[in-house]
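Spelled out, the chains give:
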Amino acid sequence: MNSIGMRKLGTGSIYKLTLIGLTCGFVPIFLLLGVMGAFGLATLSWNEQPITGPIAVIAGPLMGLFMAFVFTAVLGSVMALGLWLYAMARPMTLLYRPLEADCAAPAAATRAREA
């Protein structure tokens with residue numbers, strides 16, 4: 001595990017990470033709710049009307065995407081503000097795992113120099 005120190009994380013990166021995380025979480029959950037709605041359970045509703053039947057399988061993931069975008073707009077803004085305030089006080093350290101290609105590239109360059 002490698003680490004990198006930084007003063008500020010870009011706002012675009014914050015929104016990107018938030019959107020990816022929420023989309024990967026909400027869409028499968030809402031897909032499951034859509035499948036349940038297809039079997040007659042009133043798990044999804046729009047404008048106070050339950051969505052059931054085959055249309056629920058289509059509406060579920062779309063509702064998940066909608067919720068991910070709304071939550072990203074709100075939570076991403078709050079996180080950007082919070083991290084901006086935190087960056088004023090002290091630098092941040094992020095832990096990351098390099099890509100396999102990044103690990104192999106320095107080794108290949110070393111072997112090329114030795115040959």
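Placed above this text is the structure.
Remember, predicted model here, so these are calculated numbers, not experimental data.

1. Observations concerning the overall build of the protein
Consideration 1: Along the protein, the regular secondary structure elements total three helices and four strands.
Consideration 2: Ordering the α and β elements of the protein from the N terminus gives β-α-β-β-α-β-α.
Consideration 3: For the protein, with 115 residues in total, the buried portion stands at 20%.
Consideration 4: When the accessible surface of the protein is summed, it comes to about 8200 Å², and 70% of that surface belongs to carbon and sulfur atoms.

2. Some remarks on the side chain of Thr-72
Consideration 1: Looking at where Thr-72 falls in the secondary structure, it is placed in helix H2 (residues 55-89).
Consideration 2: Thr-72 has contacts with Tyr-15, Thr-18, Leu-19, Leu-22 and Ser-77, leaving out every residue within four places of it along the chain.

3. Focus on the nonpolar core
Consideration 1: Within the largest apolar cluster, nine residues are counted, these being Leu-22, Phe-26, Phe-30, Leu-44, Ile-51, Ala-56, Ala-59, Met-63 and Ala-68.
Consideration 2: Elements that contribute at least two residues to this core include exactly helix H1 (11-38) and H2.
Consideration 3: With four residues, the single largest contributor to this core is H2.
Consideration 4: Excluding anything up to four places from it in sequence, Leu-22 contacts Val-27, Ala-68, Phe-71 and Thr-72.

4. So, the packing of aromatic side chains
Consideration 1: Evaluation of the coordinates by the stated rule reveals three aromatic pairs.
Consideration 2: Between Phe-26 and Phe-71, the ring centres sit 5.3 Å apart and the planes meet at 80°, which makes this aromatic pair edge-to-face. Linking Phe-26 in helix H1 with Phe-71 in helix H2, this pair joins segments that are 45 residues apart in sequence.
Consideration 3: Judged by relative accessible area, which is 18%, Phe-26 ranks as buried.
Consideration 4: Members of the aromatic cluster, each reached through a chain of ring pairs, are Phe-26, Phe-30 and Phe-71.

5. Regarding the environment of Ala-42
Consideration 1: Relative to the helices and strands, Ala-42 is located in the loop between H1 and strand S2 (44-46).
Consideration 2: When the C-alpha positions of Ala-42 and Gly-53 are compared, they lie 9.7 Å apart, and in sequence the two are 11 residues distant.
Consideration 3: Those residues in contact with Ala-42 that lie beyond four places of it in its chain are Pro-50 and Thr-52.

6. Things to note about H1
Consideration 1: When the terminal C-alpha atoms of H1 are compared, their 39 Å separation across 28 residues agrees well with the 40 Å that a helix rising 1.5 Å per residue should span.
Consideration 2: Burial in H1 covers these residues: Ile-14, Thr-18, Leu-22, Phe-26, Phe-30, Gly-34 and Gly-37.
Consideration 3: Against S2, strand S3 (49-51) and H2 lie the buried residues of H1.
Consideration 4: Immediately beyond the C-terminal end of H1, within one or two residues, lies Gly-40, with a positive phi of roughly 105°.

How each quantity is defined
- Residues numbered from 1 in each chain as written.
- Predicted model: local features only at pLDDT ≥ 70, side-chain atom pairs only at ≥ 80, totals over all residues.
- Heavy atoms only, no water.
- Helix = DSSP H or I, 4+ residues; strand = E, 2+ residues; numbered from the N terminus.
- Buried < 20%, exposed > 50% of the residue type's maximum accessible area, 1.4 Å probe, protein only.
- Areas by Shrake-Rupley, 256 points an atom, 1.4 Å probe, with all protein chains shown as cover.
- Contact = heavy atoms within 4.5 Å.
- Core = buried A, V, L, I, M, F, W, Y, C linked by side-chain atoms within 4.5 Å.
- Phe/Tyr/Trp six-rings, centres within 6.5 Å; stacked < 30°, edge-to-face > 60°.
- Expected span 1.5 Å × (residues − 1).

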